[in-house]
Structures are given as structure tokens and as C-alpha cells.
Amino acid sequence: MQINQLNLRTNTVTSNSNKTMEIYDVVIVGAGPIGLATAIGLHRRGIENILVIDQTRAFRQVGQVLDLLPNGLKALKYLDEQAYEAVKKTGNGFLNTQQSHDQKPAKTSPTWVYKNLQGQLIRSIPLSFDHWYQNYGEGRVSIAWYDLQTGLRNLLPPERVKANHRCLNVVDEPENNCVRIDCVSDQKIEANPYAYWAEGDQNLDTTPQKLTTKSLRAKLIVAADGINSTVRRVLYENSPYSDFARPEYSGFTAVSCREITDVPPELQTQLAEKFFEDSPIVTISNDQTSPDTASIDEPRMMLFRRPDGLLGYILHLAVPLASLQEKSGSDLLDLAMQQLEKAGFPDVIRELVRLSPPSNMQQRPYYIHHATTSDTKPQPAWSKGRVVLVGDAAHGMPPFMAQGANQGFEDALAVTTLITQIAETKNWDNQEAIATAFEKYENLRRPMMAYIQRATLTKFPHSSDAEWNKYGKQVYHRNFDQLTP
Ligand SMILES: Cc1cc2nc3c(=O)[nH]c(=O)nc-3n(C[C@H](O)[C@H](O)[C@H](O)COP(=O)(O)OP(=O)(O)OC[C@H]3O[C@@H](n4cnc5c(N)ncnc54)[C@H](O)[C@@H]3O)c2cc1C
């Protein structure tokens, strides 16, 4: 890739009060995987006058494990080979640590199997990098969110990524040809019902601190501040699109138990024989082996054996949000048991779930920003003026097809390419060129997101081998000529 030194300059402007203000070319709000990947892509292409800000008081171990699939890895490789290599190395290491739970080594590479309630095999998906590489021209890895964040963060100069900057507001400043970002550094993190992890920094010093506010200025803002995006809220609130300011409940919730201790050996053997066989993870649902009986409303259980041999599960339930309110511990366990009974899950599974320690039970409702447009409820654009939404801020969704971060990397690639063109053509102050670029980004990305969300909410790729192959071709196998115009 050719690296152009596009921007070694610093923008400054003199305000009415004769103060000189620094203006970044791009401020990226959110140092999650997508914000950081965008920053790396811009930096590698010579746009160095950038800053990534994050609300976290300090970068720390949060988040879940993600599967990065061929499309996401391909996009990352286009963005920056070094980032791709770093992620691949950590991800392949993760898979190796997951394999050694029992005495006998696995005969082949680990697989994720899908079985029906009778224990019949519906689908078997090998997890190894090489298997995916052979099929789709790129591999697959699993990586913890925090490791992904750390790996990407380490590829940027440290002064370009700042924690403890919570964005509160973005304001257009046409008089200065820029947009202002108001931030606060404080003790408290706003309660976030949509977050994937506890946002309170419990382990950090809680001595009351002075609230510090700060304003930054940029030619462009890339909002990568996740599903509960503040920037999105600012763009859409008090507009005809206020309904889209916050994420909507998707209709699905995960109820999980991270570990079940004291599982009797006979039960372990039955589960191993009927469901796990050699796999570390099995998805069990009421799907029959014939295609047209798959229903997204049926409970689906992901049962896993951790490397230490302990069992756990995540149950995806189609339940109204109201039925979950305030439920925890044994109430949540009761809800899980009722749902499994109603769906006819076999005794062996219900026996296992009954052993869940109530203190290990958790719930996580899944939210969504719909990408589809309808005539009755037209969607707002993913950009306004100098501000553009990417990743979960634009199209957050439940993780059933493991595409949130993968699609976000595709956004990062498209947006990076288009911003690089703005820089190359010196169009930082050309509103029309900026609007055209962001419109192009959305035209490239929205149809794919609508397709992915349909797959997520209907599960159609799992309905038959033919559909699965078609989906694989469409999502994993395509190249990115379109995204790198
Ligand atoms: C259980 C689960 C499993 C998943 N599995 C997969 C998978 O297998 N594969 C996959 O591709 N995806 C998966 N996902 C989805 C994936 O985690 C998200 O799509 C991805 O993290 C989105 O990245 P992002 O950078 O857009 O947002 P986030 O990861 O949410 O990062 C947003 C960042 O912005 C910061 N921030 C938030 N508000 C502000 C503010 N006001 N000011 C400053 N900073 C702010 C946050 O601190 C955070 O660091 C899964 C999600 C869940 C919940």
C-alpha cells in the first residue's frame, strides 16, 4: 500500500477572542475496535492529525469474546497489514488455549456443532483459521474484545488515543470550518442499559474528582461510540428522526450461566455422548434436519465446555423486555427452565440447567439500530455535515451471526478510503465533497447491513445447506473492490 504523507500540518484558527484553536483533521469518538481500526487506517494513509477519545477512565479488561470472520479480517488487512497480523496472532493463540480441556487430544481441528433436541447433527462448522482460509480466501479467529482493543491501540502513537474523554455533545461551528466536540473527564460513567459490560469503573479510585470539561475541534468526526452512541443521539434528537436516537429492543435476550459447578459424572457423560462429542461448543435448538422448520422464536442454547472442563451456557430467548425486568438469580433461572420446558428440551439439558448456581445467572437484552428503510418510517442518514456514524453506532444488532465487529471493520475501510480522498483532494472545507463521500459510504454499506440484519433476525442462512453456502459466498467470500473505490 502506498503511504502518502497527506497531513503533517496542524490546522489552527483564531477565535473572536483572539485565542488560537487547534483543529484536528479527524476526531474519532470511541476507542472500540471500529474507532481504532479507522484511526489506524487513516494514520497509515498519512492522515496523522487525528485523535481517538474514549469515555473509559482507563483501558481495562472488559467485553466478550468475538469471532472475526473472513470478511472482517479481509477488511482489516486492507486497512493495515500490521493490524491484521497482530490480531491473527492473538486470535490463533486463543483457539489453541481452548482445546485442552480433557485428557484426549481432539482428533481434528475443533468444530462448532449445531444439533437438534434429539442430538442429531444439523451442521458442523470447523473453527480453525486454515479451514476458513481454504473456503473463503481468508481465515477466522476468536479474540477477546479487550485483547482486540489493546492490539489495535498499540499500533497507534500513544498520544493519539485518550481515555477519560466522554463526549457529551457535538456542535457545528461553520464560522471556524469545523465541528466542536464537548467532552468531560469525570468520576462517573453514565448508566448504560445497552452496554455489553458494566460501565462503572469499580476498581478505580473513587475519590471525588473535579469535573473537567474540554472542547476539541475537528474537520470531521467519526462516531464509533457503540450501540448507545452519544453522537447518534445528538444528531437525531430534536429532529424528525428522534425515534432513532436510541437503540430499540430486538425482541431477543441472552440468559446465561457462565459456569456450573458439581455436575455429576453420569450427566457429563450423557451430555458428551449426545451433544458435545469432540466439540468445545454446541448450539442446541428445536430445528429439525429439514429446512423449513427452523424458527428464530425457538430458544437456542449454546452449551460450552471451558478449557478447565467446567460447563456453561448462553440461552437466546425471544421474550418481551417486560418479562425480564429486574429478574436475576433464581427468578432468571426459573424463566430459563420454563422456556426450555415449553420448547421440549430433553431431560438431560434441563437437569443441567437446574444445577445453575443462581449467583452465576445473567441476562443481556439485545438492542438494534435497524438498517432497513421502510416507506412508512424512513431512516435518517448515517451522517450529518461533518459527522459520520460507524460500527455499532450506525447499525448495532444482536450477535447471532457474529458480524457486528466484522461489519464494523468494513465500515472502517469504506470511511477511511473516502476520508483519504477528501485529504488528497484538499476538500476538508468542501461541504459538498464531504456530503458526497459520506453518502457514498452509506450507499456502499447500508444494503449489506440490511442483509446481515435480516440474517440475524430470521436465521435464514441456517435453514438449509444451500442458503448457508449462498450466505457464505455473499458475506465471507466477496472482495472489497467496492469498498476501496
Ligand atoms: C455477547 C456478544 C457477542 C458478540 N460476538 C461477536 C462476534 O463473534 N463477532 C463480531 O463481529 N461481533 C460480535 N459482537 C458484536 C461486537 O462486540 C460489536 O459489534 C463491536 O464491539 C462494535 O464495535 P464498536 O467499536 O462499534 O463499538 P464498541 O465495541 O461498543 O466500542 C465503543 C467504544 O466507545 C466508547 N464510548 C461510548 N460512549 C462514549 C462517549 N460518549 N464518549 C467517548 N467514548 C465513548 C466505549 O467506551 C467503547 O470503548 C458481539 C457482541 C456481544 C454482546
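Residues numbered from 1 in each chain as written. Predicted model: local features only at pLDDT ≥ 70, side-chain atom pairs only at ≥ 80, totals over all residues.

1. Comments concerning the overall build of the chain
Here comes step 1: Regarding its fold elements, the chain presents 13 helices and 18 strands.
Here comes step 2: Taking all 485 residues of the chain together, 42% fall into the buried category. (Helix = DSSP H or I, 4+ residues; strand = E, 2+ residues; numbered from the N terminus. Buried ≥ 20, exposed ≤ 12 C-beta atoms within 10 Å, placed from the backbone.)

2. A short note on the pairing of strand β9 (residues 166-173)
Here comes step 1: Where β9 meets strand β10 (residues 178-185), seven bridges bridge the pair, whose relative direction is antiparallel. In the sheet register, Glu-173 faces β10, and the bridge partner there is Cys-178.
Here comes step 2: Where β9 folds back on β10, the antiparallel hairpin that results is connected by four residues, among which Asn-177 adopts a positive phi of roughly 55°. (Pairing = 2+ DSSP bridges.)

3. What to know about the sheet that holds strand β6 (residues 121-126)
Here comes step 1: Spatially, β6-β5-β13-β14-β15-β12-β16 is the arrangement adopted by the seven strands of the open sheet, whose pairing is mixed. Both outer strands of the open sheet, β6 and β16 (361-368), are each paired with one neighbouring strand and no more. Each strand of the sheet is rotated relative to its neighbour by a mean of 20°, with strand direction disregarded.
Here comes step 2: Strand direction decides the pairing type here: strand β5 (residues 111-116) and strand β13 (residues 281-285), joined by five bridges, are parallel. Residue pairing for β13: Val-113 is matched across the bridge by Val-282. (Axes fitted to C-alpha atoms, helices over the stretch in contact; angles between N-to-C directions.)

4. Remarks on the site of the ligand
Here comes step 1: The environment of the ligand is made up of 32 residues, and the closest members are Gly-30, Gly-32, Gly-226, Gly-391 and Gly-404.
Here comes step 2: Elements with a minimum of two residues in the shell around the ligand: α1 (33-44), β4 (65-68), β9 and α11 (404-424).
Here comes step 3: In terms of residue count, the dominant contributor to the shell around the ligand is α11 (four residues). (Near = placed C-beta within 6 Å.)

5. A short note on the packing of α1 against α11
Here comes step 1: In the contact formed by α1 and α11, the axes pass within 9 Å of each other and the chain directions differ by 30°. The angle between α1 and α11 falls in the class roughly parallel. Note on packing geometry: the crossing formed by α1 with α11 is right-handed. Note on element contacts: α11 touches α1 through Ala-405, Gly-408, Phe-409, Asp-411, Ala-412, Leu-413, Val-415, Thr-416 and Ile-419, opposite Pro-33, Ile-34, Ala-37, Thr-38, Gly-41 and Leu-42.
Here comes step 2: A class-by-class count of the residues in the contact of α1 with α11 yields 10 nonpolar, four polar and one charged. (Parallel < 35°, antiparallel > 145°, perpendicular 65-115°, else oblique. Left-handed = near helix turned anticlockwise from the far one by under 90°. Contact = placed C-beta atoms within 7 Å. Nonpolar A, V, L, I, M, F, W, Y, C, P; charged D, E, K, R; others polar.)

6. Looking at the environment of Leu-68
Here comes step 1: Looking at the element boundaries, Leu-68 is found in strand β4.
Here comes step 2: It is 7.9 Å that separates the C-alpha atoms of Leu-68 and Gln-403, two residues lying 335 residues apart in sequence.

7. A few points about the nonpolar core
Here comes step 1: Core analysis: the biggest nonpolar cluster contains 80 residues, and Val-26, Val-27, Ala-218, Ile-221, Ala-223, Val-231 and Val-390 have the highest contact counts within it.
Here comes step 2: At 10 residues, the largest contribution of residues to this core is made by α11.
Here comes step 3: If we ignore the near neighbours within four places in the chain, the residues touching Val-27 are Leu-51, Ile-53, Ile-181, Leu-216, Ala-218 and Ile-221.
Here comes step 4: Val-255, Cys-257, Tyr-367 and Ile-368 belong to the second-largest nonpolar core, a separate cluster that totals 31 residues. (Core = buried A, V, L, I, M, F, W, Y, C linked by C-beta atoms within 7 Å.)

8. Considerations on the environment of Met-397
Here comes step 1: The residue Met-397 is located in the loop between α10 (392-395) and α11 in this model.
Here comes step 2: Spatially, the C-alpha atom of Met-397 lies 9.5 Å from that of Tyr-249, the residues being 148 residues apart in sequence.
Here comes step 3: In contact with Met-397, not counting residues within four places along its chain, are Ser-250, Ile-368, Gly-404, Gln-453 and Thr-456.

9. Focus: the confidence of the model for the chain
Here comes step 1: Overall, the predicted model of the chain reaches an average pLDDT of 88, with 87% of residues at or above 70.
Here comes step 2: In the predicted structure, residues 1-8 sits below a pLDDT of 50 and forms 18 contacts with residues beyond four places in sequence or in another chain.
Here comes step 3: Between residues 289-293, whose pLDDT stays under 50, and residues either more than four places distant or in other chains, the model counts seven contacts. (pLDDT = per-residue confidence, 0-100.)

10. Description of unusual backbone geometry
Here comes step 1: Phi angles above zero are rare outside glycine, and Asp-262 is one such case at about 55°.
Here comes step 2: Within the secondary structure, Asp-262 sits in the loop between β12 (248-260) and α7 (265-276).

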